[in-house]
Structure formats: structure tokens, C-alpha cells
Amino acid sequence: MPMAGCLRSLLNRSYSVSRVLVSSGARQLSVSAVAMATEGSRQFETLEVTRPSEWVVQVQLNRPEKSNAMNMAFFREMRECFSLLSSDSQCRSVLLTGAGKNFTAGLDLQDAAGLFQSFNDEGTDVARKAFHIRNMVKPMQDSFTAIEKCRKPVIAAVHAACVGGGVDLTTACDIRLCTSDAWFSVKEVDLGLAADIGTLQRLPKVVGNASLVRELVYTGRKLMAQEALMVGLVSKVYTDREGMVADALKLAETIASKSPVAIQATKVIFHYRDFMARQYYVRVPLWLGVL
């Protein structure tokens, strides 16, 4: 059977199974996803999940008082949220936004300080330190890989600062839009860290310019909105956040109006190109243990 036929058969089968399970009251991801979408942000500490129009779910980073800095709860909830949305038959596209003044400030350093300190405690040998770092980093990597694995296209609408983990996050999305005041920075090098949760693998593929990526990663400099547009990191720049989100919602609605089987099969096929790159996640935690 041709590949497209196989994918169509698998997707149709999964929808059929999901409908049966929901109707029988079984405890399945699709049931949880519907509940999540209808109950809104009560399900999450760091995310606000709403349904602005039919078939479209909006996921908003929701720690505005911390510029949406990423704490450990955020990483856990991203995995849960996008796993649920991937199996939610009432969701066909996802809009990802940030609340407050900035899209995200990246890793919440205060929240992570305790974890980092525990790795450096006197008496912790190198092997155990590396082991613990791997156990911390792998779930963080999985938080953004969950966006890639989500069968529904994800549109990131970025405003103001998008720092560190924000670049990891947005490069895992299918489509990126930003405001004219937006800027991106791979800031990890200034903290004595490597960009370890996806940027080094995804950003070169997104912009197609290894030299520029290495410059950004080695210097931590800001990539401003117009340059981001020029190099292909984003597909459109808007004058203000409101206009961007409104246009992003229209785009999400257009995608949602198409055949869900065709859209989801297309996203799966797109990601075959990254098969070898995924081997990165096996090796990078080992290297992080020596930093």
C-alpha cells in the first residue's frame, strides 16, 4: 500500500478508536484533552488553554509576572498538554502565545538554582553528577519534542523577548510569526551552558545558514525581528501583538478547515527528515555531564 494510504488508514483507525473510547467513558487521552480545553487554565499552573474557535486550541504561556520563565512545572505541563492535544479529535491546529510583556525569558534560573547546586554538592562524584544531569535534561528535551510529535500544526506568535529556551520552543513549532519589537537570543553561552534542549539541532534546519547559527550561539547576540524575517526564522512580522494574534488565529482556522487526515499525515511526513537528528537526544546528555 502506498505511504499516503497507510498513513490515512492509521489516522482513520485512531480516530475511530478514540470515538469508541470516548463514548464508552474509558479513561483516554482524548477524553482528558476535551476536558482540558473546556476547563481552561485550571488544569495547569504555567499554561492557559482555551478554545477561541472551532477546531482551534490556544495554548498561552501564563507566568506573566516572571516573563513566562520556564520552571520545572512548565516543562512537565508542556509534555502533558501537547500529548493531550495530539490525541484530541476536537483540535486540528494549535496557536501558541505568551502572556504579559514578553513571550518568554527562557529558563527560570531561580527555580533551576537548587537543581544545579545539588549537582555540585561536595561528595557528588562525576559519574553520579552526569547521571542526574541526564535525568533532568531528557524530560526538558521531551517537552519541546512533544510539539513536534503533536499531530496538529502549531503556530508560534512571538512578541518582545524570546530568550534561551524560547528559541528551543519556537523552532519546534511548525510556523513562527512575530511582532516588530520581537527579538531572539540563544543566551545559554553567557550562563556557561550549551543550548541543550533542541536549538542546536532545529535552528540550522529552520534558517538554513550554519554560519549564522554558530554566530548567534557563540555570541548570544540578539536576532531582531526584521533579521529573523530575512533569514527565515519567522514568516511574517506585525506591528503589534493584537494584530499578530488575530492574524495567527485566522491562519489556524484556515488550517483547521482542511482535511485533518491530510494535514496530520503531511506533518508526519515532514518530520521524516529529522530521523537522524533525533539520535542527538541519546548522546547530548552524556556531554552535558562534563560541563
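Relevant structure appears above.
As the structure is a computational prediction, the values presented were derived from the model and not from experiment.

Asks: Describe the overall build of the protein chain, naming the residues involved and giving the relevant values.
Replies: If you tally the helices and strands in the protein chain, you get twelve helices and nine strands. At a minimum sequence separation of 6, the contacts of the protein chain that also span at least 24 residues come to 73%. Total accessible area on the protein chain is roughly 14,100 Å²; 57% of this is exposed by carbon and sulfur atoms.

Asks: Report on unusual backbone geometry, specifying residues and quantitative values.
Replies: Excluding glycine, most residues fall at negative phi; most peptide bonds, likewise, are trans. Not every positive phi belongs to a glycine, and Ser67 is a case in point at roughly 55 degrees. As for its placement among the helices and strands, Ser67 is situated in the loop between β2 (56–61) and α3 (72–86). Phi at Asn68 takes a positive value of approximately 55 degrees, unusual for a residue other than glycine. Tracing the backbone through its elements, the reader meets Asn68 in the loop between β2 and α3.

Asks: Can you explain helix α8 (residues 210–219)? Please cite residues and give values.
Replies: If you check which residues of α8 are buried, you get Leu212, Val213, Leu216 and Val217. Looking straight down α8, one finds its buried side chains confined to an arc of 130 degrees; they lie on one side. Opposite the buried face of α8, by more than 90 degrees, sit the exposed residues Ser211, Arg214 and Tyr218. Against the buried residues of α8 lie α7 (199–207), β8 (223–224) and α9 (225–231). Of the residues that open α8, the one with a side-chain oxygen 3.2 Å from the backbone nitrogen of Ser211 is Asn209. Two residues or fewer after α8 comes Gly220, characterised by a positive phi angle close to 75 degrees.

Asks: Kindly report on the sheet that holds β8, identifying the contributing residues and their values.
Replies: Across the sheet, which stays open at both edges, the three strands sit in the order β5-β7-β8 with mixed pairing between neighbours. Strands at the two margins of the open sheet, each flanked by one partner only, are β5 (161–163) and β8.

Asks: Can you explain the pattern of salt bridges? Please cite residues and give values.
Replies: Oppositely charged side chains may form a pair once their charged atoms are brought near each other. For the structure shown, the criterion picks out twelve salt bridges. One continuous salt-bridge network, built from bridges that share partners, spans Glu45, Arg76, Glu77 and Glu80.

Asks: So what's going on with the sheet that holds strand β4 (residues 154–158)? Which residues, and what values?
Replies: Taken together, six strands build an open sheet; the order of strands is β1-β2-β3-β4-β6-β9 and the sheet is mixed. Each of the sheet's edge strands pairs with one partner strand only, and the pair in question is β1 (47–53) and β9 (236–238). Ignoring strand direction, the axes of neighbouring strands in this sheet form an average angle of 25 degrees. In this sheet, strand β3 (residues 93–98) lies alongside β2 in parallel orientation, the contact comprising six bridges. The residue bridging Gln60 from the neighbouring strand is Thr97, located in β3.

Asks: Describe in detail empty space enclosed by the protein, supporting the description with residues and values.
Replies: Which parts of space are left empty comes out when a probe the size of a water molecule is rolled across the atoms. For the structure on display, the rule yields two cavities of 30 Å³ or more. Looking at the second largest cavity, its volume works out to about 40 Å³. Taken together, Val167, Phe184, Ser185, Val186, Leu203, Leu216, Arg221, Leu223 and Leu233 form the lining of the second largest cavity. When the residues that make up the lining of the second largest cavity are grouped by side-chain class, the tally is seven nonpolar, one polar and one charged.

Asks: Could you give me a rundown of helix α5 (residues 126–149), with the residues and numbers involved?
Replies: Two residues of an α-helix separated by three or four positions point the same way, owing to the 3.6 residues in each turn. If you check α5, its first and last C-alpha atoms are 33 Å apart, about what 24 residues at 1.5 Å a residue would give, namely 34 Å. Residue Ser143 marks the point of greatest curvature in α5, where the axis turns by about 30 degrees.

Asks: Before we move on, can you summarise the pairing of β3 with the specific residues and values?
Replies: For β3, the tally of buried residues reaches six of six residues, placing the bulk of the element in the interior. Once you follow β2 into α3 and on to β3, the crossover reads as right-handed. Looking at chain direction, β3 and β4 are connected through three bridges and run parallel. Directly across from Leu96, in β4, lies its bridge partner Ala156.

Asks: Describe the nonpolar core, with residues and values.
Replies: Grouped together as the largest cluster of nonpolar side chains are 52 residues, with contacts concentrated most on Val59, Phe82, Phe144, Leu169 and Phe184. With seven residues, α5 is the largest single contributor of residues to this core. The residues contacting Phe184, other than those within four sequence positions of it, are Val158, Cys162, Val167, Cys178, Arg221, Lys222, Leu223, Ala228, Leu233 and Val234.

Conventions adopted
- Once a new chain begins, its residue numbering starts again from 1 and follows that chain's sequence as written.
- In keeping with the predicted nature of the model, local features appear solely for residues at pLDDT of at least 70, side-chain atom pairs appear and are counted solely at 80 or more, and the whole-chain, interface and lining totals rest on all residues.
- The basis for the side-chain values is all heavy atoms of the structure; hydrogens and waters are excluded.
- Labels follow the DSSP assignment, with helices taken as runs of H or I lasting at least four residues and strands as runs of E lasting at least two, numbered in each case from the N terminus.
- Between two residues, a contact is recorded if the distance between any of their heavy atoms is within 4.5 Å.
- Each accessible area value is a Shrake-Rupley result obtained with a 1.4 Å probe; residue values ignore everything except the protein chains displayed when judging cover.
- Each residue gets one of three labels from its accessible area relative to the maximum for its type: buried under 20%, exposed over 50%, partly exposed in between, using a 1.4 Å probe on protein chains only.
- Working definition: the arc comes from the directions between the helix axis and the C-beta atoms, pointing outward to the latter.
- Each polar contact in these results corresponds to two N or O atoms within 3.5 Å; when the atoms are within protein, one needs to be able to donate a hydrogen and the other to accept it, and residues that are neighboring in sequence are counted only if both atoms are side-chain atoms.
- DSSP calls a pair of strands paired once it identifies at least 2 bridges connecting them.
- Salt bridge criterion: a side-chain nitrogen from Lys or Arg within 4 Å of a carboxyl oxygen from Asp or Glu.
- Throughout, an axis means a line fitted to C-alpha atoms (over the contacting stretch in the case of helices), and angles, computed between N-to-C directions, take values from 0 to 180 degrees.
- Whether a set of points on the 1 Å grid over the protein atoms alone is a cavity depends on a 1.4 Å probe fitting there but being unable to get out, while an open set qualifies as a pocket with protein on both sides within 12 Å along at least five of seven lines; lining residues are those with an atom within 4 Å of a point.
- Grid points are joined across faces, edges and corners, and a volume is the space filled by probe spheres set on the points.
- Under the grouping applied here, Gly and all other residues not named as nonpolar or charged are polar, the nonpolar ones being Ala, Val, Leu, Ile, Met, Phe, Trp, Tyr, Cys and Pro and the charged ones Asp, Glu, Lys and Arg.
- Expected span of a helix: the number of residues minus one, times 1.5 Å.
- We define the bend at each residue as the angle formed by axes fitted to the 7 residues ending at it and the 7 residues starting at it.
- Call a crossover right-handed when, viewed with both strands pointing away from you, the route from the first strand across the helix to the second goes clockwise.
- As used here, the term nonpolar core means buried Ala, Val, Leu, Ile, Met, Phe, Trp, Tyr and Cys residues forming a set that is joined through side-chain atoms within 4.5 Å.

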